[in-house]
Amino acid sequence: MRGTNSTKQGMLPGLSPFVSALPLLGVLSTLCGCAVGPDFKKPTVTAPREWRTYGDPQISTQTAVDAEWWKTFGDQSLNHLIELAYQQNLPLQVAGLRIVEARAQLGILTGRQFPQTQVASGNATAIGLSKNAANVANLDRNYGDFRLGFDAAWELDFWGKYRRGVESGADSLLASVADYHSALVSLSAEVARTYVLIRTYEVLIEQAQENTRIQEQGLLIAESRFRNGATSELDVAQATTLLESTRATIPQLEILLDQARNALSTLLGQSTGDIEALLAGPKQIPAAPEKVAVGVPAEMLRRRPDVRSAELYAAAQCARIGVAEAELYPSFSLFGSIGLESSNTATHNFLSSASLAYSVGPRIVWPFLNYGRLKNGVRVEDARFQQLLVSYQNTVLRAAQEVADAMTGFVNSQKAMAFEQASVKAAQRSVEIALVQYREGAVDYQRVLDAQRSLLQQQNSLAQANSSIATNLVGLYKALGGGWEVRQAQPIVSEKTQGEMKDRTDWGDLLSQPRAPETKNPPPGKQ
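(A) Region of interest: the layout of surface pockets. Of the voids in this model, the largest pocket is the one considered here, and its volume is about 380 Å³. Taken together, 19 residues line the largest pocket, and the ones lying closest to its centre are Gln105, Leu109, Ser168, Gly169 and Arg320. Of all elements in the fold, only α5 (90–111), α6 (161–227) and α9 (305–326) reach the threshold of two or more residues within the lining of the largest pocket. Looking at which element gives the most residues to the lining of the largest pocket, the answer is α6, with eight residues. A breakdown of the residues in the lining of the largest pocket according to their chemical character gives seven nonpolar, six polar and six charged.

(B) Just the confidence of the model for the protein, in detail. Of the residues in the protein, 88% have a pLDDT of 70 or more, and the chain-wide mean is 83. Within the protein, no element has a lower average pLDDT than helix α1 (residues 4–11), which sits at 38, and none a higher one than α9, at 94. Low pLDDT, under 50, characterises residues 523–527; the stretch is placed with eleven contacts to residues that sit more than four places away or in other chains.

(C) Structural detail: the environment of Gly144. Tracing the backbone shows Gly144 in strand β3 (residues 142–155). Residue classification places Gly144 among the buried residues on the basis of a relative accessible area of 7%. Between the C-alpha atoms of Gly144 and Ile127, which are 17 residues apart in sequence, the distance is 5.8 Å.

(D) Structural context of the packing of aromatic side chains. Across all of its chains, the model carries eight aromatic pairs by this definition. On the numbers, 5.5 Å between centres and 80° between planes, the contact of Trp69 with Trp70 is edge-to-face. No difference in accessibility class separates Trp69 from Trp70, as the two residues are buried. Between Trp69 and Tyr477, the aromatic rings sit 5.3 Å apart at their centres with planes inclined by 15°, giving stacked as the arrangement. Note that Trp69 is positioned in the loop between β1 (59–60) and α4 (76–88) and Tyr477 in helix α11 (residues 445–479), a separation of 408 residues in sequence.

(E) Spotlight on the sheet that holds strand β6 (residues 356–365). Here four strands make up an open sheet; going across it, the order is β2-β3-β5-β6 and the pairing antiparallel. The two strands at the open ends of the sheet, each matched to only one other strand, are β2 (117–128) and β6. Neighbour-to-neighbour, the strand axes of this sheet turn through a mean angle of 20°, independent of strand direction. One ladder, built from twelve bridges, connects β2 with β3; its direction is antiparallel. Paired with Val119 across the bridge in β3 is Asp151.

(F) Quick peek at helix α7 (residues 233–267). For α7, built from 35 residues, the straight-helix expectation of 51 Å at 1.5 Å per residue is met to within 8% by its first-to-last C-alpha distance of 52 Å. Count one or two residues on from α7 and you reach Gly269, which has phi positive near 70°.

(G) View of the pattern of salt bridges. Overall, the coordinates contain 22 salt bridges when judged by the stated rule. We note a salt bridge from Arg164 to Glu167, for which the minimum N-O separation is 3.0 Å. Of this pair, Arg164 and Glu167 both sit in helix α6, three residues apart, roughly one helical turn. Under the relative-accessibility criterion, Arg164 is labelled buried at 4%. Look at Glu167 and you get partly exposed, because its relative accessible area is 29%. Arg247 serves as the salt-bridge partner of Glu216, at 2.8 Å between the closest nitrogen and oxygen. Of this pair, Glu216 sits in helix α6 while Arg247 is found in helix α7, placing the two residues 31 residues apart along the sequence. Each of Arg199, Glu202, Asp258, Arg261 and Glu276 takes part in one network of salt bridges that share partners.

(H) Molecular detail of the environment of Ser413. Within the secondary structure layout, Ser413 lies in helix α10 (residues 373–439). As a C-alpha pair, Ser413 and Gln464 span 51 residues in sequence and 9.5 Å in three-dimensional space. Other than its neighbours up to four places away in sequence, Ser413 contacts Ala465, Ser468, Ile469 and Asn472.

(I) Fine view of the side chain of Ser188. Mapped onto the elements of the fold, Ser188 is located in helix α6. Residue classification places Ser188 among the buried positions, given a relative accessible area of 1%. For Ser188, the side chain forms a polar contact with the main-chain oxygen of Val185, separated by 3.0 Å. Once you skip the residues sitting within four places of it in the chain, Ser188 turns out to touch Trp69, Trp70, Ile82, Tyr86 and Gly482.

(J) Layout of the side chain of Ser265. With respect to the secondary-structure elements, Ser265 resides in helix α7. Assessed through its relative accessible area of 0%, Ser265 is described here as buried. Those residues in contact with Ser265 that lie beyond four places of it in its chain are Gln270, Ser271, Thr272, Gly273 and Ile275.

(K) Geometry of α9. The end-to-end C-alpha separation of α9 is 32 Å, in line with the 32 Å expected for 22 residues at 1.5 Å each. Burial analysis of α9 places 18 of its 22 residues in the buried class, which makes it a mostly covered element.

(L) Local environment of the packing of α7 against α11. Remark: α7 packs on α11, axes separated minimally by 10 Å, with the N-to-C direction vectors making an angle of 10°. Regarding the angle of α7 to α11, the classification is roughly parallel. In this structure, α7 uses Asp235, Gln238, Ala239, Leu242 and Thr246 to contact α11, whose residues at the interface are Tyr445, Gln446, Leu449, Gln452, Arg453 and Leu456. Of the residues that constitute the contact of α7 with α11, the class distribution is five nonpolar, four polar and two charged.

What counts and how
Residues numbered from 1 in each chain as written. Predicted model: local features only at pLDDT ≥ 70, side-chain atom pairs only at ≥ 80, totals over all residues. Heavy atoms only, no water. 1 Å grid on protein atoms, 1.4 Å probe; cavity = no way out; pocket = protein on both sides within 12 Å on 5 of 7 lines; lining within 4 Å. Points joined across faces, edges and corners; volume = space filled by probe spheres on them. Helix = DSSP H or I, 4+ residues; strand = E, 2+ residues; numbered from the N terminus. Nonpolar A, V, L, I, M, F, W, Y, C, P; charged D, E, K, R; others polar. pLDDT = per-residue confidence, 0-100. Contact = heavy atoms within 4.5 Å. Buried < 20%, exposed > 50% of the residue type's maximum accessible area, 1.4 Å probe, protein only. Phe/Tyr/Trp six-rings, centres within 6.5 Å; stacked < 30°, edge-to-face > 60°. Pairing = 2+ DSSP bridges. Axes fitted to C-alpha atoms, helices over the stretch in contact; angles between N-to-C directions. Expected span 1.5 Å × (residues − 1). Salt bridge = Lys/Arg side-chain N within 4 Å of Asp/Glu carboxyl O. Polar contact = N/O pair within 3.5 Å; in protein donor to acceptor, adjacent residues only side chain to side chain. Parallel < 35°, antiparallel > 145°, perpendicular 65-115°, else oblique.

Given below as structure tokens:
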């Protein structure tokens, strides 16, 4: 490498060969306008024109769905719990971090559109040749080689491979945002459902305790009549059996209550046993409003984030078909390097023009003997795309079913509650009459047992019907996709988590507030 300077200098009348490659760059760049692969078109789906419960006085299709639907219950404890869950729920934080990951991934895909290799390098090498080696030119056997340069390579996006990659990454980012919104919908619904469950168990426990007191009175009457010889010991045994059976239901209900409280603690992102203060207030099942706004089916499809997510994942996969298809065609690249090179015999001239070395030129690569591998790669991506299209259609159908199921459950549960209320009043009156008649000896104790047992059953049925109204309403709002809008302007990563991540890595502005494309609904270009 001793003669490097003289050789390079002889080849370098100037930079004209390097400059002459620039027109080729311009020509190829102007040709990079096409993008192979299909363009995504939103699949056609069939949604109901109207809900089956259209016309029911409790359902309104003329009013938009309330974004803060949980406030329609008028329960301050529930409102506070949902707000805490938004701030502390751990799976929701994971969903937010997936958005950050998708932002970074989109940055990687965007960067691939530009020169893919840019390397600044330098080295100093000491070289010693064997004394037994031929040395016809009588060159120095020991010398140094010094190099400093810059290398770059750019595969031109002639077939739109990298643009399709950016398209896929952008849709994947928006899909992760929709997944985050879907997590918000599920979280608010699950907190509300669990809260209703807790209140239901509390009501059932109170009813069991009240029936225990009623049955204790019946037992006292049976014992008194037995002591006075007015009846046999059978009445006492039957009264004791019913009483102890009712008492046994209380610990079982308390197990379910504690489990529901533990589930709520997990939803709030905190350890169990710390939510008693959050459940302060009347122990009653939240009352549903008289009328519920559900909008129309078309509005439901626009609002449900899981429907948007399914569509966006299909769009992202559609772009990957183009990425795979671009591999079938020749790739056009430009490569170049420029730098300084000198041996130790001319170190004092290292920074002179005589030390300049460069190489530049185009390169074409065409893997035409791929034995069907690349073509099958396209087929794989297309099959995955078709799967996502079918999944999108199924998501739409399932969404409509969930709304219809919850709506009919809500409407019919209210009808059932009216009958249950009348039944409980009649059962309470039956117990009063049966006790009076038994005390007077007009009926046997079996009549009292039947009346008390029926009262407890009817009271439990009424509580379950009331609970069913609330849970069906929660399910209806979840099916309608409500609840995510209130968090659009809120950070997806907490300040504490941002601080931890920034201490480890330079995140730039990727942890900031949502960008404009992430807040558009429905996604642009997909209608």
